[in-house]
Amino acid sequence: MGEVQSPVGSVDRALLILQEIGRHSRGATLDELSTRLRLPKSSLHRLLGALKHRGFAAQPEPSGPYFLGTEMLATAFRFYENMDLRTLVHPLLTRLSEEFAETVHMAMLDGAEVVYLDKVEAVRSITMTSVIGGRNFAHCTGVGKALLAWTYPTDEAIRAWAERYGPLASRTRNTITSPARLATHLAQIRERGYSLDLEENEPGVRCVAAPVFMGKSTPVAAVSVTALKDRMSPARMDECGNALRLAVAEQL
């Protein structure tokens with residue numbers, strides 16, 4: 001039921017029920033839910049009754065399987081339709097900037113480019129081409145590669161993307177301009193869980209980035225930590241990458 005004790009047990013159990021129902025496209029019976037969640041059927045039945053009353057769970061047939069209710073889906077869709085991504089993610093950017101004492105970005109993918117939605121500059125800020133509302137090529141930035149890796153998750157998909165938007169421009173001597181090499185590089189990013197920009201967009205500047213999924217199968221944005229090369233050794237990039245990946249997964 002979880003390693004950390006929930007402050008409100010009944011609410012926690014109701015949320016676990018919704019999570020479990022959501023894993024079953026054909027619905028889940030009372031017996032299945034009781035077994036999977038290790039809850040007594042009597043308690044489970046009462047919680048399901050409350051969820052059905054509010055429309056967060058549904059049982060089309062008496063004694064039949066349970067499904068997520070229409071209100072559950074409507075609430076989620078309303079949230080995504082009205083979501084202010086910048087407002088939601090900005091506190092995380094501020095915390096990351098303070099934690100790493102570096103500049104932090106958030107960006108989204110738009111065709112061959114990334115658009116910067118937010119930026120928190122560190123006290124020891126550096127001069128970069130990135131500005132809120134500004135654009136850079138996706139294939140040579142940390143945020144761009146984090147977005148490409150999961151938006152186009154196969155070699156064929158990324159090669160089709162490169163064919164559509166190519167040729168891939170060279171920003172520095174480190175920029176990857178070969179679609180085949182980029183596809184291999186993005187596969188490594190997916191395996192690692194975060195991307196690296198090794199002076200591929202701006203000389204002397206390195207970056208670590210992670211995707212933001214917000215419950216979707218493809219990322220809605222990416223978050224990055226950027227610093228001068230002298231402050232971003234390979235060891236620190238690995239440290240930042242793992243910390244960034246975990247922070248995004250936990251909070252978003």
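Residues numbered from 1 in each chain as written. Predicted model: local features only at pLDDT ≥ 70, side-chain atom pairs only at ≥ 80, totals over all residues. Heavy atoms only, no water.

A. How the structure looks around the nonpolar core. One finds Leu96, Val208, Val223 and Leu244 to be the most contacted residues of the largest nonpolar core, which totals 26 residues. Mapped by element, the contributors of at least two residues to this core are helix 5 (85-100), strand 3 (103-110), strand 7 (205-212), strand 8 (221-228) and helix 9 (234-251). Ranked by residues supplied to this core, first place goes to helix 5 with 6 residues. Of all hydrophobic cores here, the second largest spans 23 residues; its members include Leu147, Trp150, Trp161 and Ile176. (Core = buried A, V, L, I, M, F, W, Y, C linked by side-chain atoms within 4.5 Å. Buried < 20%, exposed > 50% of the residue type's maximum accessible area, 1.4 Å probe, protein only. Helix = DSSP H or I, 4+ residues; strand = E, 2+ residues; numbered from the N terminus.)

B. How the structure looks around the pattern of salt bridges. This structure, assessed with the given rule, holds 13 salt bridges. Here Glu20 and Arg36 are joined by a salt bridge, their closest N and O atoms 3.5 Å apart. Of the two residues, Glu20 sits in helix 1 (residues 9-22) while Arg36 sits in helix 2 (residues 30-37), which places them 16 residues apart along the sequence. Arg36 gets classed as exposed once you look at its relative accessible area, which sits at 51%. A salt bridge links Asp118 to Arg86; the nearest nitrogen and oxygen atoms lie 3.4 Å apart. Taken as a pair, Asp118 in strand 4 (residues 113-120) and Arg86 in helix 5 lie far apart in primary sequence, 32 residues in all. (Salt bridge = Lys/Arg side-chain N within 4 Å of Asp/Glu carboxyl O.)

C. Main features of the sheet that holds strand 4. Read across the sheet, 6 strands follow the order 5-4-3-8-7-6 without closing on themselves; strand pairing throughout is antiparallel. One side of each edge strand has no neighbouring strand; the edge strands of this open sheet are strand 5 (135-137) and strand 6 (195-198). Strand-to-strand twist across the sheet, computed as the mean angle between neighbouring axes with direction ignored, equals 30 degrees. Where strand 6 meets strand 7, 4 bridges bridge the pair, whose relative direction is antiparallel. Considered in strand 7, the bridge of Leu198 is made with Arg206. (Pairing = 2+ DSSP bridges. Axes fitted to C-alpha atoms, helices over the stretch in contact; angles between N-to-C directions.)

D. Up close: the environment of Leu228. Within the secondary structure layout, Leu228 lies in strand 8. Considered as a pair, Leu228 and Ala146 are 82 residues apart in the sequence and their alpha carbons are 20 Å apart.

E. Quick peek at the packing of helix 7 (residues 155-165) against helix 8 (residues 179-192). Between helix 7 and helix 8, the shortest axis-to-axis distance is 9 Å and the interhelical angle comes to 135 degrees. As far as their axial angle goes, helix 8 and helix 7 are oblique. Note that helix 7 runs across helix 8; the crossing there is right-handed. Residues Asp155, Ile158, Arg159, Trp161 and Ala162 of helix 7 form the contact with helix 8, whose participating residues are Pro179, Ala180, Leu182, Ala183 and Leu186. Classifying every residue of the contact of helix 7 with helix 8 gives 8 nonpolar, no polar and 2 charged. (Parallel < 35°, antiparallel > 145°, perpendicular 65-115°, else oblique. Left-handed = near helix turned anticlockwise from the far one by under 90°. Contact = heavy atoms within 4.5 Å. Nonpolar A, V, L, I, M, F, W, Y, C, P; charged D, E, K, R; others polar.)

F. Focus on the pairing of strand 8. Counting buried positions along strand 8 yields 7 of 8 residues, so the element is predominantly enclosed. Taken together, the 5 bridges between strand 3 and strand 8 define a ladder with antiparallel strand orientation. By the bridge assignment, Thr103 is partnered in strand 8 with Thr226. Sheet topology note: the strand 7/strand 8 ladder contains 8 bridges and is antiparallel. The residue bridging Val208 from the neighbouring strand is Val225, located in strand 8.

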